[in-house]
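# Commentary on secondary and tertiary structure
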Number of protein chains: 2
Amino acid sequence: MEKIVLNFDNMKVEDSQIAEIEGKIADAIQSMESKRGEMAWRDLPYNQDAVINEILDYVAEKSPKVNALVVLGIGGSALGPIALQQALNSQFYNHDTQLRGGYPRLFVLDNIDPATMSDLLAVLDLETTLFSVVSKSGATSETMAQFMVVKDLLESHLGLKAPEHIVCTTDAKNGNLIKIAGAEGYKTFYVPDGVGGRFSQLCPVGLLPAAFCGIDIKALLAGAAEMDKMCQNADYMNNPAYAFAILHYLAMKQNKNITVMMPYSDKLKFMADWFAQLWGESLGKQGMGQTPVKALGTTDQHSQVQLYVDGPDDKIVVFLGADDFGSELQIPKTFDDMPSIGFLGGHTMGELLRASQKATEYALTKAGRSNMTITLPSVTENTMGQLFYMLEVATAFAGELMGINAFDQPGVEEGKNAVYRHFGRPGF
Amino acid sequence: MEKIVLNFDNMKVEDSQIAEIEGKIADAIQSMESKRGEMAWRDLPYNQDAVINEILDYVAEKSPKVNALVVLGIGGSALGPIALQQALNSQFYNHDTQLRGGYPRLFVLDNIDPATMSDLLAVLDLETTLFSVVSKSGATSETMAQFMVVKDLLESHLGLKAPEHIVCTTDAKNGNLIKIAGAEGYKTFYVPDGVGGRFSQLCPVGLLPAAFCGIDIKALLAGAAEMDKMCQNADYMNNPAYAFAILHYLAMKQNKNITVMMPYSDKLKFMADWFAQLWGESLGKQGMGQTPVKALGTTDQHSQVQLYVDGPDDKIVVFLGADDFGSELQIPKTFDDMPSIGFLGGHTMGELLRASQKATEYALTKAGRSNMTITLPSVTENTMGQLFYMLEVATAFAGELMGINAFDQPGVEEGKNAVYRHFGRPGF
């Protein structure tokens, strides 16, 4: 098995700083162990044999009839599926039947912009479209509003066949969506108890769209299980998740209130978006937290690296790299007589991409800026499973170090209530 | 003409704080006026009649033969074109001939990932593809490496017809690309002297791809010209660019080292990426600067708003809103018996999106967090021209307030040199 590799050599942290918080670290480790039973997301690599088979059966039945899968979901219901699709399928998957191996196109509607939704509905052939509605509570305004539009449209176009075009992923017992699904006869999958939105990528929320796009969900979970073993190592600086969290925690204490995730691979681009929710929403509370920033190499060398190298020393950069990009392109020796570009000839695009990552690491380190690197030998289901799981454990562990509950989000209630009032929802 | 509207009511800035820096503001205003001649990008709304006609003629000639335009460019050569395309054309433009009114598909290759580039080249029909190579210096490693791959491919597939499939936008006199274009007989457009990458959206760098996608580039420049007038107002708090810069400058002095741009419209999503380069690369130097963060409403209400409301008070949020989204969708009254979603029925998606923006503004303000709002009556060429131009002037003015040169990027040299060394470029 290929293992993801973390390198912390360029973090500006002294052993003495780690020693100073040894007691806190010990408490956090104990807490992670004692609370393991409450963290239901930690069991997802192990306890889903039945649901995996159910997903695969459902996909096998539906897939031949479906030309487009449209996910109606927001937050964790969208970010994990987008990140995984980007990692494991072609960037031009939706453009070309051959590139997608006959699997349905995937669209994720994670916003309520009426122009986007109107245009998507205009492009789709409803007869061959499946809508996957994802909301644990069944009360997510954006997702449920989209669902109401889609339900109406399907019923007016397809009549009694409409329910075959809807699948729901929601709580097994509570909320509107499970009630509606029961009444309408929709196929349903469940978000397990104790699995919150941003920790839901390894349950049916993430597994169902992945399976529809030909992604091997068993291998994904196997990678997560391997990482779970590494994340039980009490030798904390050799525990990838604990070490990641400890170094971020110490950086926060050094007033580094920003963490940049900078993949150097288009495949890993949207891991930065998924991580931004995980880290931002879990830890951003009680006046604490660190603002996650999404970057992309080499693209953002021409946008953000000037700031990272020469601006304030207020951030960590986490590079996400890959040893193997899955394809390679040779740069021909076309302009040997022009020194400022001729040197590129004879190399490959992948070499240039990897060398650019090393160069940015070097430039940051030389400027005294903390950075760390996570390297995937190649971007596969297994290594992605490792990466998702490692970052989830790291986030939970950082919450323990900070003394906050990483699993709630009290700060979003005020805004929700304001919408309810504006729309005249009774009782608000 | 519709004017964009800025609202600063929710910025936590006292008049006395502005009064304290009155001298600095006066100096900056004078400096902007005396340096106007050096800022060639400020003249772009006025001095391009000839080149506009040349672009329109070229598009009229090529467009019927071209099914895909591929921009090879990075940084400002990519971010502006992407932002404008997203703003003015459908999000599903590339998916559907009808949605794009017969104009060619647009692909922007702003990274060197070999998997992405291989897959794109596999999807394209070279016979009907035009490659637009954009590099002022002609020495941008990423763009020139892509160009070398594409040139080789075109020549091996199309032989003597290859040059008809390449158009270059570069410096008129200096650099490799203008030399190569001359030798090969490529069509060329020019980046005017004194117009740097991140200030190039209103020159052929931005105008050429826009015109190929049916965007009215004259209206874009007319909007910029209107904004230029507003940006000459010496009554600085009524000058949108100056006020934007002053409030950001004061926020930096309050240790708000982060500025979030949060559009509440999919059309405006990539303005946050364009602005991130403009603000980050122009002002992030000498240990100063502010880290730009890209968000999107309502999507990021389910990812980042918890942090913005309840995390550290270390940021400004700049909302970008639209009064008119260009389309509307009615939410049916489907679930009147379910209070937590029934209240949505009878409203529109656009209402929900606008109400969500107001609610997030309210929640931030209630939590004492600084935020401001830029509203476009509708998203048109004219209002986009206003927005691009306003933010460019604001950035230049902020540079003056900070006492730094907003137009260089010394911090990226170290990384470039490291790549040259790694690849054995002579002299490095």
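Treat the numbers as computed from the prediction; the structure is a model and nothing was measured.

## Re the sheet that holds strand S4 (residues 129-134) of chain A
One key point about sheets: their strands pair by backbone hydrogen bonds, in either a parallel or an antiparallel sense. All names here are of chain A. An order of S3-S2-S4-S5-S6 is seen for the five strands of this open sheet, with the pairing classed as parallel. Edge positions in the sheet fall to strand S3 (105-109) and strand S6 (187-190), since each has one partner strand and no second. Taking each pair of neighbouring strands and ignoring which way they run, the sheet shows an average axis angle of 20 degrees. Pairing analysis gives four bridges linking strand S5 (residues 166-170) to S6, with the strands arranged parallel. When the bridges of S6 are listed, Val167 appears paired with Lys187. The strands touched by helix H5 (residues 114-123) are strand S2 (68-72), S3 and S4; relative to S3, the strand with the most contacts, the crossing angle is about 155 degrees.

## A look at the interface of chain B and chain A
Taken together, the 118 residues of chain B in the interface contact 118 residues of chain A. Regarding the contact of chain B and chain A, the summed buried area is about 10,200 Å², with carbon and sulfur atoms giving 67% of it. Across the chain B-chain A interface, the total number found is two salt bridges. When the shortest N-O distance is used, the salt bridge between Lys366(B) and Glu414(A) registers 3.3 Å.

## Notes on the side chain of Ser265(A)
Examined against the element boundaries, Ser265(A) turns out to sit in the loop between strand S7 (258-263) and helix H11 (271-283). The residues touching Ser265(A), leaving out its near neighbours within four places in the chain, are Leu296(A), Gly297(A), Phe325(A) and Asp113(B).

## Notes on a negative patch on the surface
On the surface, a cluster of negative charge is contributed by Glu2(B), Asp323(B), Asp324(B), Glu328(B) and Glu351(B). Structurally, the position occupied by Glu328(B) is in the loop between strand S9 (315-324) and helix H13 (339-342).

## Things to note about the packing of aromatic side chains
A complete count under the given rule lists 36 aromatic pairs over all chains for this structure. Ring geometry for Phe147(A) against Phe335(B): centres 6.0 Å apart, planes inclined by 10 degrees, an arrangement best described as stacked. In this pair, Phe147(A) is assigned in helix H6 (residues 141-158) and Phe335(B) in the loop between S9 and H13, connecting two distinct chains. Here the two residues Phe147(A) and Phe335(B) agree in accessibility, since each one is buried.

Conventions we followed
Residues numbered from 1 in each chain as written. Chains lettered and ligands numbered in written order. Predicted model: local features only at pLDDT ≥ 70, side-chain atom pairs only at ≥ 80, totals over all residues. Heavy atoms only, no water. Pairing = 2+ DSSP bridges. Helix = DSSP H or I, 4+ residues; strand = E, 2+ residues; numbered from the N terminus. Axes fitted to C-alpha atoms, helices over the stretch in contact; angles between N-to-C directions. Contact = heavy atoms within 4.5 Å. Buried area = accessible area lost by both parts, 1.4 Å probe. Salt bridge = Lys/Arg side-chain N within 4 Å of Asp/Glu carboxyl O. Patch = residues over 30% accessible without salt bridge, like charges linked within 9 Å, V, L, I, M, F, W, Y side chains within 5 Å. Areas by Shrake-Rupley, 256 points an atom, 1.4 Å probe, with all protein chains shown as cover. Lys, Arg positive; Asp, Glu negative; His and termini not counted. Charge placed at Lys NZ, Arg CZ, Asp CG, Glu CD. Phe/Tyr/Trp six-rings, centres within 6.5 Å; stacked < 30°, edge-to-face > 60°. Buried < 20%, exposed > 50% of the residue type's maximum accessible area, 1.4 Å probe, protein only.

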